[in-house]
Structures are given as C-alpha cells and as structure tokens.
Amino acid sequence: MAPADVTYAITGATGRLGGRVARRLADAGVAQTLLCRTPSRAPVLPGAVAVPGAYDDGDALADALRGTDRVLMVSASESPDRLRDHRTFVDAAARAGVAHLVYISFYGAAPDATFTLARDHWHTEQHIRAAGIPFTFLRDNLYADFMPALVGADGVIRGPAGDGAAAVVAQDDIADAVVAVLRDPLPHTGRTYELTGPESLTLTEVARTLGAVGGRPVSYVPETTEEAYASRAVYGAPDWQLDAWVSTYAAIADGSLATVTTAVEDLTGHRPTSLDQLLRASADGPAAP
C-alpha cells in the first residue's frame, strides 16, 4: 500500500479513461491533482484539486507537477500536433522532478505500425525514455467500449478489416490496471504492458455480439482500402485523420491487434471483461463515467 504522503497527478480526468482513474483513486481516499485544459470541467471528487494543465503549456505543467511522485499521462486528443504536445508534457514532467510516469500508449506501438497513430505513441515512449523519468507504459488495444460506435445507422460495420481480429479491451479494466501501477509503481518501473481483453474477435464476431445483446441485426461488410477512403471522404476530415480511421481497420486485417495477453489479470488480479460482458453490463444500467 502506498504511503499516505505520496502525491498523485492525473491527466484526462474530464475524459472517459482519466475520469475512471480519478474516481477510483478518490474512492480509495487518495488525494490527487487533476490537470485539465479547463479545470471547471473536472469532476468534483473528495481530495481532488483541479488545476490548469494544457499539454501545450510547458510552464503551467511544470508548476503543477513540481514535486509530484506519481503521474498518469493519458495521451492527448488526436491532432496533427499531438506528438509535439506529448513532448512538451514529458519535458515539463522531467523539469518538475516527477518520480514515476504512467503513460497510456497503444498496443504494438512502433515507428512503422500499421495504425498510423500508434507511431506517435512509439515516439512519445522514446521521448519519455530519453527524458530519464521512471516510467511504465500501458499499451491499450482498441477499446471494447467503442465497438457500438462502429455500427452505421443501417446496422452495418464497414471497413477494410478482412478476416482479421482485435483483442479489444474494456476501459474499466484499463483503469483498474492504471490504479494498480500508480499505487505500487516500483515493480513496474521500466516495463511495458500490452493490455487486451480475453479474446480476439473479428468484426463479424463483434457484429454478432452487438446484435445478440442489442436485439437488432448487426453485420460486418468488408470494404477495400479505396472504398474505405471514399466512404469516409464525406466527413471532410483532413488526410491524417482519414489515414488514422482507415488504418485502424488495416491493423485489424494484418493481425497487428490480434494477440491476447494476460497483462490485465497480471496487474489487477481479475480476468479481463469480454465484449459480451461489457455490453450486457451496459444494457443493465448506466455506463461507468
């Protein structure tokens, strides 16, 4: 158990993952600083203080993090400047003397990863290593929680995923893993964990599960890469974002996201949640904040 005087700082508390972590720490009686671009949007939690902490403001970050023992760095929102902002945050954490940094990375992060945004995560990891901050990298697979969002209004999932599969992981399991590392970081210093669910699912299997739980027909229709770009062009998104959307499916297709690991259970002591379990729990009550 962590000493009572250990200090914690959490980023992303206004979002789904950071908010889950902050609530778990608050429920455990842990005081924490919530770094937010807009502190007024932070959850009101016992023992939590919200302060300005935009990723592109190195001076404010360094002030907020000075002397902090354990910091959760949730990756910034997708943008062309995300890697620059990550480096700003890491440099500020190093200046502030952060004792341990837990970074939310992506499964299989590599400089040549099929999923284009996983490349940013790899470069961020390298910057953290170079900064000399004791770290733990938690590389999440695709969020199981987001699988319903893949379904179009016609009940169809479309994308160039072929017959590939992904070991999708629940955000609650990720949050449990984060808290386990934050509360006792020493055994995890310098380590990288690939967080997955308990099974690897094709999009046909994802569609079948969504349909069975939701009570409506859901199917998967494979697209070619060219068809995927064309069908998404109507959103007017910039090229880098189109590349990210399409490469998500390409990473499923080539097996980049398929391997199931034991990391969630190793870190938390409980088995990871299946997509079916997640969907049925959500159907029985409000989703976790």
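Within any chain, residue numbers begin from 1 and follow the written order of that chain's sequence. Given that this is a predicted model, residues contribute local features only at a pLDDT of at least 70 and side-chain atom pairs are listed and counted only at 80 or more, while totals for whole chains, interfaces and linings are drawn from all residues. Note: side-chain values were computed over all heavy atoms of the structure, leaving out hydrogens and water.

A.B. asks: Help me out: how do you make sense of the sheet that holds strand β4 (residues 70-73) in this one?
C.D. replies: Either a parallel or an antiparallel arrangement is found when strands of a sheet pair, and the pairing is made through backbone hydrogen bonds. Here, strands pair whenever DSSP counts at least two bridges between them. Secondary structure elements follow DSSP: runs of H or I of four or more residues count as helices, runs of E of two or more count as strands, with numbering from the N terminus. Across the sheet, 7 strands lie side by side as β3-β2-β1-β4-β5-β6-β9; this open sheet has parallel pairing. In this open sheet, the two strands that pair with only one neighbour each are β3 (48-52) and β9 (191-195). Neighbouring strand axes in the sheet, compared pairwise and without regard to direction, differ in orientation by 20 degrees on average. Sheet topology note: the strand β6 (residues 135-140)/β9 ladder contains 5 bridges and is parallel. By the bridge assignment for β9, L138 is matched with Y193. Two residues qualify as a contact provided that any one of their heavy atoms is within 4.5 Å of a heavy atom in the partner residue. Fitted lines through C-alpha atoms serve as axes, helices being fitted only where they are in contact, and the angles separating the N-to-C directions of these axes extend from 0 to 180 degrees. Strands β1 (8-11), β2 (32-36), β4 and β5 (100-106) of the sheet are contacted by helix α3 (residues 82-96), whose axis makes an angle of about 180 degrees with β4.

A.B. asks: How should the packing of aromatic side chains be read in this particular structure?
C.D. replies: Where two aromatic rings form a pair, the distance of their centres and the angle of their planes describe that pair. Whether two aromatic rings pair depends on their centres lying within 6.5 Å, for rings of Phe, Tyr and Trp, where Trp uses its six-membered ring; planes under 30 degrees apart make the pair stacked, over 60 edge-to-face, and the rest tilted. Counted according to the given criterion, the structure contains 6 aromatic pairs. Note on Y55 and F89: the rings are 4.8 Å apart at their centroids and 35 degrees apart in plane angle, and the pair reads as tilted. Linking Y55 in the loop between β3 and α2 (58-65) with F89 in helix α3, this pair joins segments that are 34 residues apart in sequence. Across the pair, exposure class does not vary: Y55 and F89 are buried alike. Grouped by ring-pair contacts, the aromatic residues Y103, F135 and F137 constitute a single cluster. Exposure classes here rest on a 1.4 Å probe applied to the protein chains alone. A residue is buried below 20% of its type maximum, exposed above 50%, and partly exposed in between.

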